[in-house]
Amino acid sequence: MERLSGLNEGNQLIVLPQVESKPKTESGSRKKPELLIYSRKEELSDTRVKLIDPYWSSGGIGPHIGLAQLASVPEVNGVDVSVAEFQSEEAGKCIYISDFQKYEQEFIDRVSKESADSNVIGITCSHENYPRALAVAESCRKVNPQALIVLGGSFINMIDKNEARRFLPFQDSKSIDAVVYGEGEAAILPLCLASKKREFLEKIPGISFRDDQNDIKRNAPAILSPNELSQLPPINWDKFQWDDKRFFHLVGARGCPLACDFCFEGVVWEGKYRPLQKDKLYQNLLSAYDKGLKKFTVEDSIFLLYPGLEKLCKNIAEDSLDVSWFVWGTARDVVRYPNKLDLLSRAGCRSIIFGVESASEETNKLTQKVEKVNRNTAAQAAEALHKNEMLAQGTFIAGLPWESLNDIGATFDYGLGLDLDFRRWHIYMPAWWKNGESDVTDNNLSISQDWKSTVLNVPNAVLADVLPESPIYSWCDEHTLVRLLTIPDLDSDKLQPRMEEITLGKHRLSEIFERMSIKLKGSKVWDEGKLYNEILDRK
């Protein structure tokens, strides 16, 4: 099938991706997928798309890689595309939510004005900034009543897996016209057409939408082609604002074949792993490097298994690129492939992050962690990285529903005992995409258990200000309790009553937080954004 990104001539047709075929018919054959919309490329020449990332950052953190790649598809097809981000260093100095909201409102007002003449307004959101994404949609609707307003991102994929919640954005905001579950690159051009002919919405695979009768409908998923990622156009990094502190993200593949039960990635991609062609990742790197951007991460969960790793490293070394980067991998693969560590190190890779997760092998087994990391594997991985002059980062999870307080404490002891350069601590986050609420109880019935009340994407000090009135979704995020430890002079007495009301698994949050605080006292607990730059800036 002809790809969207390959349409370079005005007389070519824009073809929708195939809809996932239905089960076998009585005769045993599968129904052939249809191509649903045909339109000439010139019909898009006067279309304007505004893509908005409402995730707040004080600076340094790279652009949303999904939004960066998404923007390239309509742009090469003649669509006027612009991107807006919420970056404010001053907002990061706030300690009260009322002060932060002033910067938040400035961002919302700015992007709604910038979207006043857009045909399509696309807003990406995570569970951390879902309320802000809704506020952006509401504000954009006021200044642009005719725009097609679309939500996408990790939160939309998460709730789509939960049939009881998949239409939540439409219930929470009448300004939402459609949501994209899956990959936006396949839907963006058809959505451009649908902004002018709304009847096209019912023909676009991979979306849910509000029809002209205000009924909510969900179209069938789109088929994911193994090769379609490599056919996407190069990223245009000029769409974003840059300074010396900022790095960028790349991906060598989408999906992960591992079945770690606590991880949402396997749920989103349904166990599929689709790597880019070997030269595609390097092309995206060069397009950034040519603009003076030299710090990046590769966000694949299992990058050591990426088929183009060796070629990427050799290209970087042969072209003498002065880059600083780090990747994700598994402890097992770090130990198994010492030759790849040498290639990565020579190519400027500073570090590898690998999941250790728990001190308990029984916990790793119960979470279906394919890694089955044991003490020896994790220690060997750290040693192998150090031999190659690379930094070892380990990730840990504590507080799973079946764990005792001694189990939780043992994980912190284990992590502190490993020869790691950086430790990323997490508390178990319930699987909200399926039956996560069963892992949590809240004795305070006056608190609204509403995703619209979940405030997480704020400065850490502000988080401490809003948590006393926040629902379980804010408290039981994997980073929340850890973020509180980064706050100097934290007034934990203010938070204690609310932590007493919430039970995660077998224990009140107050018990988990106390155990964590005692075990990590005197050790460095990193803010995620600062940790990225700490590693990338090392020589």
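Since this is a predicted model, take the numbers as computed values, not measurements.

> Any chance you could explain the overall build of the protein here in plain terms?
In terms of regular secondary structure, the protein is built from 20 helices and 20 strands. Considering the protein as a whole, with its 539 residues, one finds that 56% of them fall into the buried category. In the protein, the proportion of contacts linking residues at least 24 apart, taken out of those at least 6 apart, comes to 76%. With the model as given, the accessible surface of the protein reaches about 22800 Å², and the carbon-plus-sulfur share is 47%.

> Would you mind showing me how to read the layout of surface pockets here?
To locate leftover empty space, one rolls a probe as large as a water molecule over the atoms. The computed volume of the second largest pocket comes to approximately 430 Å³. The wall of the second largest pocket is formed by 22 residues, among which G182, P221, A222, L224 and E270 lie closest to the centre. At the level of secondary structure, the elements contributing two or more residues to the lining of the second largest pocket comprise α4 (154-160) and α7 (265-269). Taken together, the residues that form the lining of the second largest pocket break down as 11 nonpolar, three polar and eight charged.

> Looking at this model, I keep getting lost on the side chain of S88. Mind explaining?
Counting through the fold element by element, S88 comes out in the loop between β4 (80-87) and α2 (97-114). Within polar-contact distance, the side chain of S88 engages the backbone nitrogen of A91 at 3.1 Å. Setting aside chain neighbours within four positions, we find S88 in contact with W56, S57, S58 and Y103.

> Help me out: how do you make sense of the packing of aromatic side chains in this one?
Describing an aromatic ring pair means giving the distance of the ring centres and the angle of the ring planes. In the structure shown here, the tally under the stated rule is 21 aromatic pairs. Between the aromatic rings of F303 and Y306, the centroid separation amounts to 5.4 Å while the plane-to-plane angle is 20°, which identifies the pairing as stacked. Here F303 falls in the buried class, since its relative accessible area comes to 0%. A connected cluster of aromatic rings, assembled from ring pairs, spans W237, W242, F248, F296, F303, Y306 and W325. Here the guanidinium or amino end of R246 rests over the ring plane of W242, the centre of that ring lying 5.4 Å away. One cation-aromatic arrangement involves K524 over W526; the distance from NZ or CZ to the ring centre is 4.7 Å.

> How do you make sense of the pairing of β4 when you look at a structure like this?
It is a general feature of regular strands that their side chains alternate between the two faces of the sheet. In this structure, strand β3 (residues 48-57) lies alongside β4, joined through eight bridges in parallel fashion. Considered in β4, the bridge of L51 is made with V83. On the question of chirality, the crossover connecting β3 to the parallel β4 by way of helix α1 (residues 65-76) is right-handed.

> Explain unusual backbone geometry here, please?
Backbone phi values are negative for most residues with the exception of glycine, while trans is the configuration of most peptide bonds. One non-glycine residue, N214, lies in the positive phi region at around 70°. By the secondary structure assignment, N214 is in the loop between β8 (207-210) and β9 (216-218). At E357, a position not held by glycine, the phi torsion is positive, near 75°. For E357, the location among the structural elements is in strand β15 (residues 349-357). E357 gets classed as buried once you look at its relative accessible area, which sits at 8%.

> Could you clarify how one ought to interpret the environment of G184 in this entry?
Note on placement: G184 falls in the loop between β7 (178-180) and α6 (188-194). Taking the relative accessible area as the measure of exposure, G184 reaches 22% and is therefore partly exposed. Residues G184 and Q69, 115 residues apart in the sequence, show an inter-C-alpha distance of 9.3 Å.

> So what exactly am I meant to see when it comes to the sheet that holds strand β20 (residues 507-508) here?
Strand pairing in a sheet is mediated by backbone hydrogen bonds. Such pairs are either parallel or antiparallel. The strand order across the open sheet built from three strands is β18-β19-β20, with neighbouring strands paired in antiparallel fashion. Here the strands that pair on one side only, and so sit at the sheet edges, are β18 (440-442) and β20. Strand direction decides the pairing type here: strand β19 (residues 502-504) and β20, joined by two bridges, are antiparallel. Across the sheet, L504 pairs through a bridge with H507, a residue of β20.

> What should I look at first to understand the nonpolar core in this one?
Note that soluble globular proteins tend to have their nonpolar side chains buried in a common cluster. With 152 residues, the main nonpolar core has F303, W325, L344, W475 and L481 as its most contacted residues. Residues F247, F326, Y532 and L536 belong to the second largest nonpolar core, which totals nine residues.

> I'm lost on the packing of helix α9 (residues 309-318) against helix α11 (residues 338-346) in this one. Help?
Describing two packed helices takes the angle between their axes plus the distance from one axis to the other. In contact at an axis separation of 8 Å, α9 and α11 are set at 30° when each is read in the N-to-C sense. Looking at the two axes, α9 sits roughly parallel to α11. In this structure, the crossing between α9 and α11 has a hand that is left-handed. Across from L309, E310, C313 and K314 in α9, the residues of α11 making contact are K340, L343 and L344. Looking at the contact of α9 with α11 residue by residue, the classes come out as four nonpolar, no polar and three charged.

> Before we go on, may I ask you to explain the sheet that holds strand β5 (residues 120-124) in this structure?
The strand order β4-β3-β5-β6-β7-β8-β9 describes an open sheet built from seven strands, whose pairing is mixed. This sheet does not close on itself; its edge strands, each paired only once, are β4 and β9. Neighbouring strand axes in the sheet, compared pairwise and without regard to direction, differ in orientation by 20° on average. Relative to strand β6 (residues 148-152), β5 is paired through five bridges, and the arrangement is parallel. Across the sheet, residue G122 finds its bridge partner in β6, namely V150. Running over the sheet, α2 touches β3 and β4 and is turned about 175° from β4.

Reading guide: rules and limits
- Residues numbered from 1 in each chain as written.
- Predicted model: local features only at pLDDT ≥ 70, side-chain atom pairs only at ≥ 80, totals over all residues.
- Heavy atoms only, no water.
- Helix = DSSP H or I, 4+ residues; strand = E, 2+ residues; numbered from the N terminus.
- Buried < 20%, exposed > 50% of the residue type's maximum accessible area, 1.4 Å probe, protein only.
- Contact = heavy atoms within 4.5 Å.
- Areas by Shrake-Rupley, 256 points an atom, 1.4 Å probe, with all protein chains shown as cover.
- 1 Å grid on protein atoms, 1.4 Å probe; cavity = no way out; pocket = protein on both sides within 12 Å on 5 of 7 lines; lining within 4 Å.
- Points joined across faces, edges and corners; volume = space filled by probe spheres on them.
- Nonpolar A, V, L, I, M, F, W, Y, C, P; charged D, E, K, R; others polar.
- Polar contact = N/O pair within 3.5 Å; in protein donor to acceptor, adjacent residues only side chain to side chain.
- Phe/Tyr/Trp six-rings, centres within 6.5 Å; stacked < 30°, edge-to-face > 60°.
- Lys NZ or Arg CZ within 6 Å of the ring centre and 35° of its normal.
- Pairing = 2+ DSSP bridges.
- Right-handed = clockwise from strand over helix to strand, strands pointing away.
- Core = buried A, V, L, I, M, F, W, Y, C linked by side-chain atoms within 4.5 Å.
- Axes fitted to C-alpha atoms, helices over the stretch in contact; angles between N-to-C directions.
- Parallel < 35°, antiparallel > 145°, perpendicular 65-115°, else oblique.
- Left-handed = near helix turned anticlockwise from the far one by under 90°.

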